[in-house]
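# Observations on the three-dimensional arrangement
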Amino acid sequence: VLHHCHRRGSEVLLGHLSHIHIYEQGGISQVGGVHPRVLTNLPDGTFSLAEMQRLVRGDDDHWPVTSLVCIENTHNIAGGKVLPLSWLDQLGTTCQELGLPVHMDGARLFNAAAALDLPPARLIRGCSTVNVCLSKCLGAPAGSVIAGTAEFVRSARRLRKVLGGGMRQVGMLAAAGLYALDHVVPTLSRDHALVQALATAMVETGSQVICCDPQGAHTNILLLECNPKIVTPQDLCHRMSQVSDDEAEATGQRVVARILPITDSAVRLVVHCDVTEKDIQMVIAKLKYVIKELDGKM
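Each value, and the rule that gives it
- Residue positions are given per chain, counted from 1 along the sequence in the order it is written.
- Confidence filtering applies because this is a predicted model: local features only for residues at pLDDT of at least 70, side-chain atom pairs given and counted only at 80 or more, and all residues used for totals across whole chains, interfaces and linings.
- With hydrogens and water stripped out, all remaining heavy atoms of the structure feed into the side-chain values.
- By the criteria applied, helices consist of DSSP H or I runs no shorter than four residues and strands consist of E runs no shorter than two, each listed in order from the N terminus.
- To estimate how far a helix should reach, multiply one less than its number of residues by 1.5 Å.
- Burial status follows relative accessibility: with a 1.4 Å probe on protein chains alone, a residue under 20% of its type maximum counts as buried, one over 50% as exposed, and anything between as partly exposed.
- Only heavy atoms matter for contacts: two residues are in contact if any of them lie within 4.5 Å across the pair.
- At least two bridges found by DSSP between two strands are what make those strands a pair.
- Of all possible arcs, the one meant is that of the directions from the helix axis to the C-beta atoms.
- UniProt positions are given in the numbering used here, feature names are shortened, and annotations may be inferred rather than shown by experiment.
- Here a salt bridge means any side-chain nitrogen of Lys or Arg lying within 4 Å of a carboxyl oxygen belonging to Asp or Glu.

Attention shifts here to helix H4 (residues 85-98). Here H4 spans 20 Å end to end across 14 residues, near enough to the 20 Å set by a 1.5 Å rise per residue. Every buried residue of H4 is listed here: Trp87, Leu88, Leu91, Gly92, Thr94 and Cys95. Buried residues belonging to H4 abut helix H3 (49-55), strand S3 (65-72), strand S4 (102-106) and helix H6 (120-123). Backbone geometry just after H4 places Gly99 at a positive phi near 75°.

As structure tokens, this is what we get:
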């Protein structure tokens, strides 16, 4: 964002549920002096291109200068949804006509590519820059990579230095990242299949307290919607971290599942390369027990 919005008084258009907007302390404003203008994210993680065009500023001394559009693929809060390829292509064409660069927050881009069975490069055809994460689901201990033109990389190196992002002796981390790209990326569809197994098992319970949408779980993220009159997301996460003696006797296991409240009504489950099919079956057994427990409160 700092590269594309280097001019003081710049503005970026981005989704109201995007990671950049919600989870980074407003860093683009706090550090970069960049003004965010939000677009309403739709349930599939996209936003209206007509709305985007309306929000692009004209040449007026009273307004910031619209300088960048940011998108997120897969979209975290939307439940790991893959942005439709047709929408991405239309966005790229529209922004090219408007003279606006597009940056993709592709922290989970490899999951999107695996879900569509396409090379990642196809998904960023209309983007000027992209970042990908090597730890989310790929198993590397740390690390993200940004990509763009040679001129962008030169600029990014300078920006990284002023932001304190320089590191030393990072060969071990780089080696882990290379291993992840070579060996873990080809297995991502397995993670997606395990999420579908979880989703199917939840639907089969027929619960009115906890429900999910298997078709909406495109990748390695599953959202479970809670009936807040019976259990809040925070309560469900706490319960999944506990094992009662009755549960252990009934299920024959003592399993703790670490899940995360993600909205006021939903929790997020994420499958990654270290989660096995056996793990999933244990989580399913625990969830079924907890759901039966909660359904009894209806």
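This part covers the sheet that holds strand S9 (residues 260-261). The strand order across the open sheet formed by 4 strands is S7-S8-S10-S9, and the pairing between neighbours is antiparallel. Both edges of this open sheet fall to strand S7 (210-211) and S9, since each of them pairs with a single strand only. Of the pairings in the sheet, the one linking strand S8 (residues 221-226) to strand S10 (residues 266-270) comprises 5 bridges and is antiparallel in character. Bridge pairing in S10 places Leu223 opposite Arg268.

On to helix H10 (residues 233-240). Pro233, Leu236, Cys237, Arg239 and Met240 are the residues of H10 that are buried. Down the axis of H10, the smallest arc covering the buried residues is 160°, so these residues share one side. In this structure, the buried residues of H10 make contact with S7, S8, helix H11 (245-251), S9, S10 and helix H12 (277-295).

UniProt records the feature "modified residue: N6-(pyridoxal phosphate)lysine" (unreviewed entry) for Lys136 in the present numbering. Relative to the helices and strands, Lys136 is located in the loop between strand S5 (129-133) and strand S6 (144-147). The contacts of Lys136, once residues within four sequence positions are left out, are Ala107 and Arg108.

Now for the pairing of S8. Of all 6 residues in S8, 5 are buried; the element is thus mostly enclosed. Bridge count between S7 and S8: 2 bridges; the pairing is antiparallel. Across the sheet, residue Cys211 finds its bridge partner in S8, namely Glu225.

A separate point is the UniProt feature "domain: Aromatic amino acid beta-eliminating lyase/threonine aldolase" (unreviewed entry) in the protein chain. Sequence positions flagged by UniProt for "domain: Aromatic amino acid beta-eliminating lyase/threonine aldolase" (unreviewed entry) are, in local numbering, residues 3-207. The annotated region residues 3-207 carries 42% helix and 16% strand content, and the separation between its end C-alpha atoms amounts to 49 Å.

Relative to the assigned elements, Ser18 resides in the loop between strand S1 (10-15) and helix H1 (19-22). Note on Ser18: relative accessible area 7%, which makes it buried. Other than its neighbours up to four places away in sequence, Ser18 contacts Asn41, Glu72 and His75.

Counted by the stated rule, this structure contains 7 salt bridges. The residue Asp89 makes a salt bridge to Arg122 at a minimum N-O spacing of 2.7 Å. Here Arg122 lies in helix H6 and Asp89 lies in helix H4, a separation of 33 residues in the sequence. Among the residues examined, Asp89 registers a relative accessible area of 30% and is labelled partly exposed. Assessed through its relative accessible area of 17%, Arg122 is described here as buried. Its salt-bridge partner being Arg190, residue Asp191 comes within 2.7 Å of it at the nearest N-O pair. With relative accessibility at 1%, the residue Asp191 sits in the buried group. The exposure class assigned to Arg190 is partly exposed, which follows from its relative accessible area of 31%. Put simply, Arg239, Glu247, Lys286 and Glu293 are held in one network by salt bridges that share partners.

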